[in-house]
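# Structure assessment
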Amino acid sequence: MSNATTFVVRSDPTLLADVRRYGRFDTSACYQCGSCTISCDLVTDYVSFPRRTIRYTLLGLRGPLLGSLEPWICHDCGDCSIICPRQAGPRLSMMTVRRFLTAQYDWTGISSKLLQSRVWYIGSLSFVALVVVALIFFYHLSYVGLPLADFVAMPFGMEHMFPIMTYFTLTVLLLPMFLLVSRIWRIWRLTMGGEGRVPIAFSAYVAEAWTYVRHSVTHSLMRKCPERGRWLGHWLLAAGTVLMLTIKLFGLRWFQTDSIYAFYHPQRWLGYIATAFILYGIGSIIVGRVRAQKEFYKETQFEDVIFPILLLLTALSGIAVHILRYAGFALSCHFAFALHVIIATPMLLVEMSFGKWSHMIYRPLALYFEAVKERSGQRTPAKEAAGYAL
Ligand code: SF4
Ligand code: SF4
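Computed from a predicted model, the values in this text were never measured in an experiment. Each chain has its residues counted from 1, running along the sequence as written. Chain letters and ligand numbers both follow the written order, the letters beginning at A and the numbers at 1. Totals for whole chains, interfaces and linings use all residues, but because this is a predicted model, local features are given only for residues with pLDDT of at least 70 and pairs of side-chain atoms are given and counted only at 80 or more. Heavy atoms throughout the structure, all of them, feed into the side-chain values; hydrogens and water do not.

## As for the site of ligand 1
- Near ligand 1 the following residues occur: C30, Y31, Q32, C33, G34, S35, C36, R51, C84, P85, R86 and A88.
- Amino acids outside the nonpolar list (Ala, Val, Leu, Ile, Met, Phe, Trp, Tyr, Cys, Pro) and the charged list (Asp, Glu, Lys, Arg) are all regarded as polar, and Gly is one of them. Class assignment for the residues of the shell around ligand 1 results in seven nonpolar, three polar and two charged. The rule for a residue being near a molecule or strand is that one of its heavy atoms must lie within 4 Å of it.

See below:
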């Protein structure tokens, strides 16, 4: 008696057009030589890209593409595009698929709009910034009851905003985190659970939990990239951002007391370290994009240019607030803080919730889920080869 399993695979002719709405996916020149897969340092017995992802898309295999974790394991190094004899741009195809998947994971549908349209992207950032400006006016003129003339000229510091700024800051930080975490269930359903999949024992998830932590903290796969400086800049940017967000989440009370002037306070020095990390990381990205010599900085998406600029402006305005407050320039500090909030809020609410920042969660999650599959025996080289034969 045969124990062979019969798979019904339906081709969706609209998939390729759907994916192409999110960027460049031009594989018409590809003649399937396989050089890209051979050149990729991240290919293993279990994961094989970029060709499998590209084939899924070309063949209209929507289910396998949505269920694939491989686009997130690709670290965008560009070696495959350099070696491709037909200049088919497999790195860009992988990037486009990741943008497509980001939109599919987002149950609000907002990512889909932002990643397809510059008008939506810029419009959303501008809209949130205008709402913040309106809130600043409302708070001072209506809630505090300041006359308009005093609002622009009275030299008072930020203290009058405490503790309401705490609630505002926590909302702006926690809302994107809630949205990101809320998508994990959807990603799990698409890639690990759902109908027709063999259930995986809970113990496998527990046993591999360390994999998620390890990849979140070390970004170790990026170290395989021949360009070592890229890993350092990326790691410092991620570590600095996480450290700064942690300080904002748990250290606001200290920030809102006079002890901010205490030179020895550890939070001050953690803030300096986080700022230095962020500045180095953004600087390396901006310089790389301006020079555009490395493959991974060529043909970047519109948001990849705007995001580092917003992050840089957020960091610089935050530094200005700190210096002006420390120096006792109350009115200047007040305006610098308003500017800082006007820049940082749209970046956090739009970019972190719906844009590129999501890969901070999705990439280690994909590596974790792959490890769980491998541990539970759902991934074997033979099964992967069979999948590729599709
Ligand atoms: S190296 Fe280029 S031509 Fe060869 S399989 Fe990859 S994308 Fe196609
Ligand atoms: S961009 Fe780098 S990691 Fe991604 S498929 Fe190409 S060679 Fe592999």
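## Re the confidence of the model for the protein
- Residue-level confidence of the predictor is summarised by pLDDT, bounded by 0 at the bottom and 100 at the top. Of all residues in the protein, 89% have pLDDT values of 70 or greater, and the mean over the chain is 85.
- Of all helices and strands in the protein, the one with the weakest mean pLDDT is helix 20 (residues 381-388) (50), whereas helix 1 (residues 15-20) scores best (95). Only DSSP runs of H or I reaching four residues or more are called helices, and only runs of E reaching two or more are called strands; each is numbered from the N terminus.

## Description of empty space enclosed by the protein
- Note on definitions: the grid is 1 Å and covers protein atoms alone; a cavity is a set of points where a 1.4 Å probe fits but cannot get out; a pocket is an open set with protein on both sides within 12 Å along at least five of seven lines; lining residues have an atom within 4 Å of a point. Grid points are joined across faces, edges and corners, and a volume is the space filled by probe spheres set on the points. Counting across every chain of the model gives three cavities of 30 Å³ or more.
- Quantified by volume, the largest cavity comes out at close to 720 Å³.
- As for the largest cavity, its lining consists of 36 residues, of which H234, R289, D304, K356 and H359 are closest to the centre.
- The biggest single contributor to the lining of the largest cavity is helix 14 (residues 228-250), with six residues.
- For the lining of the largest cavity, the per-class residue count stands at 15 nonpolar, 10 polar and 11 charged.
- When residues are assigned to domains, the lining of the largest cavity turns out to be shared by domain 1 (15-105) and domain 2 (110-367), each giving three or more.
- One number sums up the size of the second largest cavity: a volume of about 160 Å³.
- In terms of lining residues, the second largest cavity is bounded by 20 residues, among which C40, L42, H75, D76 and C77 are the most central. Where each domain starts and ends follows an automatic or database-derived domain assignment.

## Let's talk about the site of ligand 2
- Neighbouring ligand 2 are C40, L42, F49, P50, C74, H75, D76, C77, G78, D79 and C80.
- Pocket or cavity membership: a molecule qualifies when more than half of its atoms sit within 2 Å of the grid points of that site. Under a 2 Å grid-point criterion requiring more than half of the atoms, the pocket assigned to ligand 2 is the second largest cavity.
- Its residues assigned to classes, the shell around ligand 2 comprises seven nonpolar, two polar and two charged.

## Here we look at the packing of aromatic side chains
- Pairing of aromatic rings covers Phe, Tyr and Trp, the last counted by its six-membered ring, and requires centre-to-centre distances within 6.5 Å; plane angles under 30 degrees mean stacked, over 60 mean edge-to-face, and any other angle means tilted. Evaluation of the coordinates by the stated rule reveals 13 aromatic pairs.
- Among the aromatic residues, ring-to-ring pairing joins Y205, Y212, Y368 and F369 into one connected group.
- Charge-over-ring placement is defined geometrically: NZ (Lys) or CZ (Arg) within 6 Å of the ring centre, and within 35 degrees of the ring normal. Taking the ring centre of W231 as reference, the NZ or CZ of R223 above it sits at 4.3 Å.

## Observations regarding the packing of helix 11 (residues 164-191) against helix 19 (residues 359-376)
- For the pair helix 11 and helix 19, the least separation of the axes is 11 Å and the interaxial angle reads 35°. The element helix 11 and its partner helix 19 pack so that their crossing is right-handed. When helix 11 is examined against helix 19, the residues L180, R183, I184, I187, W188 and T191 are found in contact with a partner set consisting of I361, Y362, L365, F369 and K373. Fitted lines through C-alpha atoms give the axes, limited to the stretch in contact for helices. The angle between two N-to-C directions lies from 0 to 180 degrees. Left-handed describes a crossing whose near helix is turned anticlockwise from the far helix by less than a right angle; the clockwise case is right-handed. Here, residues are in contact when the closest pair of their heavy atoms is within 4.5 Å.

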